[in-house]
Amino acid sequence: MYFDIEYYWRVLRHVWSLKVWRGRRRMLFRLVFLVPLITLIHGLCFVLDYLFFPRLWRQKIRQPVFVVGHARSGSTLIHRLLAADGETFSYFLYWETFFPSLLQKKIIRGLGWVDQHVFGGPIKKRLMAWDEKTFGKYRHIHDMSLWNSEEDQFVMRGAFLTQQWALDVPMMDVIDLFHVDEMPVKKRRRWLRHYRECVKRQLLLNGGSGIHLSKNPVMSGWVESLIETFPDARIAVVVRDPRECIPSVLKLVEVSWRAKGWRREDYDASLRALTEVSFETFQHPRQVLARHPNTPQIVLDYRQLTRQPRSTVLQVYEAFNMTVSPEFDRYLLAQEDKERSHSTRFAYSIDDYELSPERIEKELAVFFDDFAWPQATQ
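Each chain carries its own residue numbering, running from 1 in the direction its sequence is written. Two thresholds apply to this predicted model, a pLDDT of at least 70 for residue-level local features and 80 or more for giving and counting side-chain atom pairs, whereas whole-chain, interface and lining totals are computed over all residues. The side-chain figures draw on all heavy atoms in the structure; neither hydrogens nor water molecules are used.

Caption draft 1: Inspection of the sheet that holds strand E1 (residues 65-69) at higher detail. Within the open sheet, the 5 strands sit side by side as E2-E3-E1-E4-E5. Their pairing is parallel. Two strands in the sheet have a free side with no partner beyond their single neighbour: strand E2 (89-90) and strand E5 (297-301). Strand pairing is assigned whenever DSSP identifies at least 2 bridges connecting the two strands. Only DSSP runs of H or I reaching four residues or more are called helices, and only runs of E reaching two or more are called strands; each is numbered from the N terminus. Note that strand E4 (residues 234-239) and E5 share 5 bridges and pair parallel. Of the residues in E5, the one forming a bridge with valine 237 is valine 299. Whether two residues are in contact is decided by their heavy atoms, any of which lying within 4.5 Å being enough. Simply put, an axis is a line fit to the C-alpha atoms, just over the touching stretch for a helix, and the angle between two N-to-C directions goes from 0 to 180 degrees. In the packing of helix H3 (residues 75-83) onto the sheet, contacts are made with E1, E2, strand E3 (211-215), E4 and E5, and the angle to E3 comes to roughly 160°. The sheet contacts of helix H12 (residues 309-319) involve E2 and E5, and relative to E5 the element is tilted by about 170°.

Caption draft 2: Seen up close, the packing of H3 against H12. Direction vectors running N to C along H3 and H12 enclose 70°, while the axes themselves pass 11 Å from each other. Taken together, the axes of H3 and H12 lie roughly perpendicular to each other. Counted together, Ile78, Leu81 and Leu82 of H3 and Pro309, Thr312, Val313, Val316 and Tyr317 of H12 form the full contact between these two elements. Counted by class, the contact of H3 with H12 contains 7 nonpolar, 1 polar and no charged residues. Every angle not falling under 35 degrees, over 145, or within 65 to 115 is termed oblique; those three ranges are roughly parallel, roughly antiparallel and roughly perpendicular. Amino acid classes used here: Ala, Val, Leu, Ile, Met, Phe, Trp, Tyr, Cys and Pro are nonpolar; Asp, Glu, Lys and Arg are charged; the rest, including Gly, are polar.

Caption draft 3: Structural view of empty space enclosed by the protein. Using a grid of 1 Å spacing that covers the protein atoms alone, one calls a set of points a cavity when a 1.4 Å probe fits there but cannot get out, and a pocket when the set is open and has protein on both sides within 12 Å along at least five of seven lines; lining residues are those with an atom within 4 Å of a point. Grid points are joined across faces, edges and corners, and a volume is the space filled by probe spheres set on the points. Here the structure, examined in full by the defined rule, presents 1 cavity of 30 Å³ or more. Size it by volume and the largest cavity reaches roughly 60 Å³. In terms of lining residues, the largest cavity is bounded by Leu250, Arg264, Asp268, Leu271, Arg272, Thr275, Tyr353 and Glu354. Here the lining of the largest cavity gets 5 residues from one element, more than from any other, and that element is helix H10 (residues 264-291). Partitioned by chemical class, the residues of the lining of the largest cavity number 3 nonpolar, 1 polar and 4 charged.

Caption draft 4: Representation of the layout of surface pockets in the model. Taken as a whole, the second largest pocket holds about 490 Å³ of empty space. Lining the second largest pocket are 19 residues, with Trp21, Arg22, Gly23, Lys260 and Trp262 sitting closest to its centre. Elements supplying a minimum of two residues to the lining of the second largest pocket: helix H1 (5-17) and helix H2 (24-52). For the lining of the second largest pocket, the element with the highest residue contribution is H2, accounting for 3 residues. Split into classes, the residues belonging to the lining of the second largest pocket amount to 7 nonpolar, 4 polar and 8 charged.

Caption draft 5: Highlighting the state of the cysteines. Disulfide: a pair of cysteine sulfur atoms within 2.5 Å of each other. This model, assessed by the stated rule, comprises 0 disulfides. Summary of cysteine pairing: cysteine 45 is not part of a disulfide, and the nearest cysteine sulfur, belonging to cysteine 198, is at 13 Å. Whether a residue is buried, partly exposed or exposed follows from its accessible area with a 1.4 Å probe, protein chains only, as a fraction of its type maximum: under 20%, in between, or over 50%, in that order. Take cysteine 45: its relative accessible area is 12%, and that puts it in the buried class.

Caption draft 6: Here's a closer look at a nonpolar patch on the surface. Together, Phe29, Val32, Phe33, Leu34, Leu37, Ile38 and Ile41 give the surface a local cluster of nonpolar side chains, amounting to about 620 Å² of exposed area. In this fold, leucine 37 is placed in helix H2. Like-charged residues within 9 Å of one another, or nonpolar side chains (Val, Leu, Ile, Met, Phe, Trp, Tyr) within 5 Å, are grouped into patches, provided each residue has over 30% relative accessible area and no salt bridge. For every accessible area listed, the method is Shrake-Rupley and the probe measures 1.4 Å; residues are considered covered only by the protein chains on display. Each reported salt bridge corresponds to a side-chain nitrogen of Lys or Arg within 4 Å of a carboxyl oxygen of Asp or Glu.

Caption draft 7: The arrangement of the pairing of E4 in detail. Counting buried residues along E4, 6 of its 6 residues qualify, which places the element largely inside the surrounding structure. Alternating positions in E4 separate into two faces, Arg234, Ala236 and Val238 on one and Ile235, Val237 and Val239 on the other, with burial throughout.

Caption draft 8: Up close: the environment of phenylalanine 135. Summarising the element assignment, phenylalanine 135 is placed in helix H5 (residues 122-135). The spacing of phenylalanine 135 and serine 145 is 10 residues in sequence and 6.6 Å in space, taken between C-alpha atoms.

This is how it looks when you write it as structure tokens:
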């Protein structure tokens, strides 16, 4: 199993330098003791996967679907609508991303079966209570749960390649998980090889015949590498007015940092780094896909997705030459009114950040032309 030593040392050095941070000792304990131990367990189980599950040697990844685009642009909505077609798609549940090995997941599923059918589910009830306590107060921002489909980039945490470290400790200016397409070829291929191995295991866990479905805003910077690693990949890009989604993301990560006790001066540099990446999140997929016209691709407008979710999903299936089953179509019809009436209580303002509508409209002018978003500068 791959482990990125360079990123590990970079994070470790940064945390070591935070002399006045009260959480420094606890984080250093995680990094120095828990991470190596957990990595050793993951690595051992990764090797044992091929011994206990020989089908893994023959497992194929066929025509995976990748949903990319700026966070807060509706990528979660389209991902979960598609994921409801369980006969077609395979995907990661959030809890599954903590365990990259197939053996680990099989053991946990087995323990879950025993808990539910032998003891009546006391462990599951405690986990559900923890889930509600941990994620419940943030679900108006993002509907997160251990049992929800989630960004499969989280499964890369086993290789020490996850944005979670930068959410616990503001250091988006220190570690970079976005510009994978610009990395040296050898390093980039190691990242993607590990990711491919994780996907193979998830597919086999879910029967082996499904289509892998992925939703990852951070992978907007991985599109070239995804196409190189999965030549038959299909790409859906979700697009929303950047004056809405960029400050929404900045506010979201700021809420996370503030909840952990960080002050504005502690994370200003990270906010600036995230702002610059936000512009590239729009631009990079467009540039890459223009160079790969034979890659099945579709661009989804957030406005249509929220107003006509069923129609949008049907467009995805048509673009990717897939068939919608009658059962799934009935599900989409039932979801129409629910998704149209969805609203969020998450409040944010672009004025809170070093960002202006004028800059956004200038740097992303081509998108404003293509999507006819109203411009304040006109």
